[in-house]
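Okay, here's what each chain looks like letter by letter:
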Amino acid sequence: MKNKFLSLLLLATTITLLAGKSTTTADRTAGMADFPQATKTPPDYPFSRAMRAGDFVYISGQIGATPDGKLAGDFDAQARQTMDNIVAALKEQNLTTADIVKCTVMIDDMAQWPAFNVIYRTYFPTGKFPARSAFGADGLAMGAALEVDCIAYAPLKK
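K.L.:
Outline the pairing of strand β2 (residues 50-53), listing residues and values.
P.N.:
Burial along β2 is one-sided: the residues Ala50 and Arg52 are buried and none of Met51 and Ala53 is. Judged from the four bridges that link them, β2 and strand β3 (residues 56-62) form a sheet pairing that is antiparallel. When the sheet's bridge partners are listed, Arg52 is paired in β3 with Val57. Counted along the chain from β2 to the antiparallel partner β3, the turn is two residues long, and its residue Gly54 has a positive phi close to 65 degrees.

Take a look at the structure:
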(Lines give C-alpha, C1' and ligand atoms only; values in the text may rest on other atoms or scores of the structure.)
Protein backbone atom coordinates (compact mmCIF):
# COMPACT_ATOMS: atom_id res chain seq x y z
CA MET A 1 0.00 0.00 0.00
CA LYS A 2 2.84 2.38 0.88
CA ASN A 3 4.56 1.76 -2.48
CA LYS A 4 1.29 2.36 -4.35
CA PHE A 5 0.76 5.63 -2.49
CA LEU A 6 4.32 6.76 -3.21
CA SER A 7 3.93 5.89 -6.90
CA LEU A 8 0.71 7.90 -7.14
CA LEU A 9 2.31 10.82 -5.31
CA LEU A 10 5.29 10.75 -7.68
CA LEU A 11 2.97 10.66 -10.73
CA ALA A 12 0.92 13.61 -9.42
CA THR A 13 4.08 15.60 -8.69
CA THR A 14 5.52 14.85 -12.14
CA ILE A 15 2.33 15.94 -13.89
CA THR A 16 2.23 19.12 -11.83
CA LEU A 17 5.85 19.92 -12.67
CA LEU A 18 5.34 19.20 -16.37
CA ALA A 19 2.28 21.40 -16.46
CA GLY A 20 4.13 24.17 -14.62
CA LYS A 21 1.08 24.81 -12.47
CA SER A 22 0.51 25.07 -8.73
CA THR A 23 -1.52 22.37 -7.03
CA THR A 24 -4.50 24.48 -6.01
CA THR A 25 -7.92 23.09 -6.92
CA ALA A 26 -8.53 25.97 -9.32
CA ASP A 27 -5.26 25.26 -11.16
CA ARG A 28 -5.87 21.49 -11.34
CA THR A 29 -9.28 22.01 -12.92
CA ALA A 30 -8.45 24.96 -15.18
CA GLY A 31 -9.33 24.09 -18.72
CA MET A 32 -11.01 20.86 -17.66
CA ALA A 33 -13.51 19.70 -20.20
CA ASP A 34 -15.30 16.54 -21.17
CA PHE A 35 -14.90 16.16 -24.92
CA PRO A 36 -17.80 14.94 -27.01
CA GLN A 37 -17.04 12.38 -29.64
CA ALA A 38 -17.98 11.93 -33.25
CA THR A 39 -18.70 8.23 -32.77
CA LYS A 40 -21.51 7.74 -30.31
CA THR A 41 -20.73 5.70 -27.20
CA PRO A 42 -23.77 3.79 -25.98
CA PRO A 43 -25.30 5.87 -23.17
CA ASP A 44 -24.82 3.12 -20.58
CA TYR A 45 -20.99 3.40 -20.73
CA PRO A 46 -19.99 5.74 -17.90
CA PHE A 47 -16.86 7.34 -19.36
CA SER A 48 -15.70 10.11 -21.65
CA ARG A 49 -13.70 9.39 -24.78
CA ALA A 50 -11.32 12.21 -23.88
CA MET A 51 -10.93 14.61 -20.98
CA ARG A 52 -8.79 17.73 -20.72
CA ALA A 53 -7.12 18.65 -17.44
CA GLY A 54 -4.94 21.73 -17.85
CA ASP A 55 -2.40 21.14 -20.61
CA PHE A 56 -3.08 17.42 -20.88
CA VAL A 57 -5.73 15.44 -22.75
CA TYR A 58 -6.45 11.96 -21.41
CA ILE A 59 -7.72 9.49 -23.99
CA SER A 60 -9.80 6.75 -22.39
CA GLY A 61 -8.81 3.17 -22.98
CA GLN A 62 -9.63 2.15 -26.54
CA ILE A 63 -10.25 -1.39 -27.75
CA GLY A 64 -10.51 -2.76 -31.27
CA ALA A 65 -14.23 -2.04 -31.61
CA THR A 66 -15.43 -0.92 -35.03
CA PRO A 67 -18.04 1.87 -35.42
CA ASP A 68 -20.81 -0.75 -35.31
CA GLY A 69 -19.64 -1.74 -31.81
CA LYS A 70 -18.22 -5.14 -32.77
CA LEU A 71 -14.64 -6.23 -32.25
CA ALA A 72 -12.45 -6.37 -35.34
CA GLY A 73 -11.33 -9.88 -36.35
CA ASP A 74 -7.99 -11.31 -35.24
CA PHE A 75 -5.34 -9.76 -32.98
CA ASP A 76 -3.72 -7.68 -35.75
CA ALA A 77 -7.09 -6.28 -36.86
CA GLN A 78 -7.99 -5.39 -33.26
CA ALA A 79 -4.59 -3.77 -32.69
CA ARG A 80 -4.98 -1.61 -35.82
CA GLN A 81 -8.57 -0.70 -34.92
CA THR A 82 -7.51 0.18 -31.37
CA MET A 83 -4.85 2.53 -32.68
CA ASP A 84 -7.26 3.94 -35.29
CA ASN A 85 -9.72 4.67 -32.46
CA ILE A 86 -6.98 6.54 -30.58
CA VAL A 87 -6.16 8.53 -33.73
CA ALA A 88 -9.87 9.39 -34.11
CA ALA A 89 -10.15 10.53 -30.47
CA LEU A 90 -7.05 12.69 -30.93
CA LYS A 91 -8.32 14.14 -34.21
CA GLU A 92 -11.53 15.25 -32.48
CA GLN A 93 -9.28 17.41 -30.29
CA ASN A 94 -7.13 18.64 -33.22
CA LEU A 95 -4.25 16.49 -31.98
CA THR A 96 -2.15 13.74 -33.53
CA THR A 97 -0.10 10.84 -32.22
CA ALA A 98 2.87 13.25 -32.21
CA ASP A 99 1.16 14.94 -29.21
CA ILE A 100 1.04 11.73 -27.15
CA VAL A 101 3.48 11.64 -24.23
CA LYS A 102 2.38 8.39 -22.53
CA CYS A 103 0.50 5.21 -23.42
CA THR A 104 -0.55 2.25 -21.31
CA VAL A 105 -1.10 -1.04 -23.10
CA MET A 106 -3.15 -3.86 -21.59
CA ILE A 107 -2.80 -7.04 -23.61
CA ASP A 108 -4.63 -10.32 -23.11
CA ASP A 109 -1.86 -12.54 -24.50
CA MET A 110 1.67 -11.23 -23.94
CA ALA A 111 2.87 -13.63 -26.67
CA GLN A 112 1.25 -11.07 -29.03
CA TRP A 113 3.52 -8.29 -27.74
CA PRO A 114 5.94 -8.44 -30.73
CA ALA A 115 3.02 -8.32 -33.19
CA PHE A 116 1.58 -5.30 -31.39
CA ASN A 117 4.93 -3.49 -31.49
CA VAL A 118 5.09 -3.88 -35.28
CA ILE A 119 1.66 -2.25 -35.64
CA TYR A 120 2.20 0.38 -32.91
CA ARG A 121 5.39 1.69 -34.56
CA THR A 122 3.48 2.66 -37.71
CA TYR A 123 1.36 5.21 -35.80
CA PHE A 124 4.24 7.41 -34.65
CA PRO A 125 6.96 9.41 -36.37
CA THR A 126 10.13 7.31 -36.58
CA GLY A 127 12.04 7.42 -33.31
CA LYS A 128 9.44 9.69 -31.63
CA PHE A 129 7.64 7.25 -29.38
CA PRO A 130 5.83 8.23 -26.20
CA ALA A 131 6.70 6.74 -22.84
CA ARG A 132 4.83 3.47 -22.48
CA SER A 133 3.83 0.86 -19.93
CA ALA A 134 2.37 -2.53 -20.69
CA PHE A 135 0.99 -5.44 -18.76
CA GLY A 136 -0.87 -8.66 -19.33
CA ALA A 137 -4.56 -8.38 -18.54
CA ASP A 138 -7.22 -11.05 -18.60
CA GLY A 139 -10.87 -10.16 -19.01
CA LEU A 140 -10.76 -6.94 -21.03
CA ALA A 141 -14.05 -5.30 -22.02
CA MET A 142 -16.06 -7.21 -24.64
CA GLY A 143 -13.36 -9.93 -24.68
CA ALA A 144 -10.95 -7.59 -26.46
CA ALA A 145 -7.41 -8.74 -27.20
CA LEU A 146 -5.95 -5.43 -26.00
CA GLU A 147 -6.77 -1.98 -24.68
CA VAL A 148 -4.66 1.16 -24.94
CA ASP A 149 -5.07 4.49 -23.18
CA CYS A 150 -2.96 7.59 -23.81
CA ILE A 151 -2.09 11.01 -22.46
CA ALA A 152 -1.42 13.84 -24.90
CA TYR A 153 0.30 17.13 -24.15
CA ALA A 154 -1.75 19.98 -25.58
CA PRO A 155 -0.91 23.36 -24.01
CA LEU A 156 -3.85 25.65 -23.46
CA LYS A 157 -3.75 28.74 -25.65
CA LYS A 158 -3.03 31.85 -23.59
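K.L.:
Kindly report on the environment of Asp55, identifying the contributing residues and their values.
P.N.:
Tracing the backbone shows Asp55 in the loop between β2 and β3. Assessed through its relative accessible area of 7%, Asp55 is described here as buried. With 98 residues separating them in the primary sequence, Asp55 and Tyr153 have C-alpha atoms 6.0 Å apart. For Asp55, the side chain forms a polar contact with the main-chain nitrogen of Leu156, separated by 2.8 Å.

K.L.:
Kindly report on unusual backbone geometry, identifying the contributing residues and their values.
P.N.:
Positive phi is not limited to glycine here, since Asn94 has a value of about 60 degrees. Secondary-structure assignment places Asn94 in the loop between α3 (75-91) and β4 (100-107). Phi is positive for Met142, close to 60 degrees, though the residue is something other than glycine. For Met142, a relative accessible area of 42% translates into the label partly exposed.

K.L.:
Account for the nonpolar core, naming residues and giving values.
P.N.:
Within the largest apolar cluster, 25 residues are counted, with the highest numbers of intra-cluster contacts made by Phe116, Leu146 and Val148. If you list the elements that add at least two residues to this core, you get β3, α3, β4, α4 (113-121) and β6 (146-153). With six residues, the single largest contributor to this core is α3. Beyond its immediate sequence surroundings of up to four residues, Val148 is in contact with Ser60, Gly61, Gln62, Thr82, Ile86, Cys103, Thr104, Val105, Met106 and Phe116. Ile63, Ala65, Ala137 and Leu140 belong to the second largest nonpolar core, which has six residues in total.

K.L.:
Any chance you could break down the pairing of β6 for me, citing the residues and the numbers?
P.N.:
Counting buried positions over the eight residues of β6 gives six, a clear majority of the element. Relative to β6, β3 runs antiparallel, the two being bridged by five bridges. Across the sheet, residue Gln62 finds its bridge partner in β6, namely Val148. Pairing analysis gives seven bridges linking β4 to β6, with the strands arranged antiparallel.

K.L.:
Can you break down the pattern of salt bridges residue by residue, with the values?
P.N.:
Across all of its chains, the model carries one salt bridge by this definition. The partner of Glu92 in a salt bridge is Arg49, and the shortest N-O contact between them spans 3.6 Å. One end of the pair, Glu92, is in the loop between α3 and β4; the other, Arg49, is in the loop between β1 (33-35) and β2, and 43 residues separate them in sequence. Its relative accessible area of 8% is what places Arg49 among the buried residues.

Rules used throughout
- Residues numbered from 1 in each chain as written.
- Predicted model: local features only at pLDDT ≥ 70, side-chain atom pairs only at ≥ 80, totals over all residues.
- Heavy atoms only, no water.
- Buried < 20%, exposed > 50% of the residue type's maximum accessible area, 1.4 Å probe, protein only.
- Helix = DSSP H or I, 4+ residues; strand = E, 2+ residues; numbered from the N terminus.
- Pairing = 2+ DSSP bridges.
- Polar contact = N/O pair within 3.5 Å; in protein donor to acceptor, adjacent residues only side chain to side chain.
- Core = buried A, V, L, I, M, F, W, Y, C linked by side-chain atoms within 4.5 Å.
- Contact = heavy atoms within 4.5 Å.
- Salt bridge = Lys/Arg side-chain N within 4 Å of Asp/Glu carboxyl O.

Shape is all these values report; function is a separate question.
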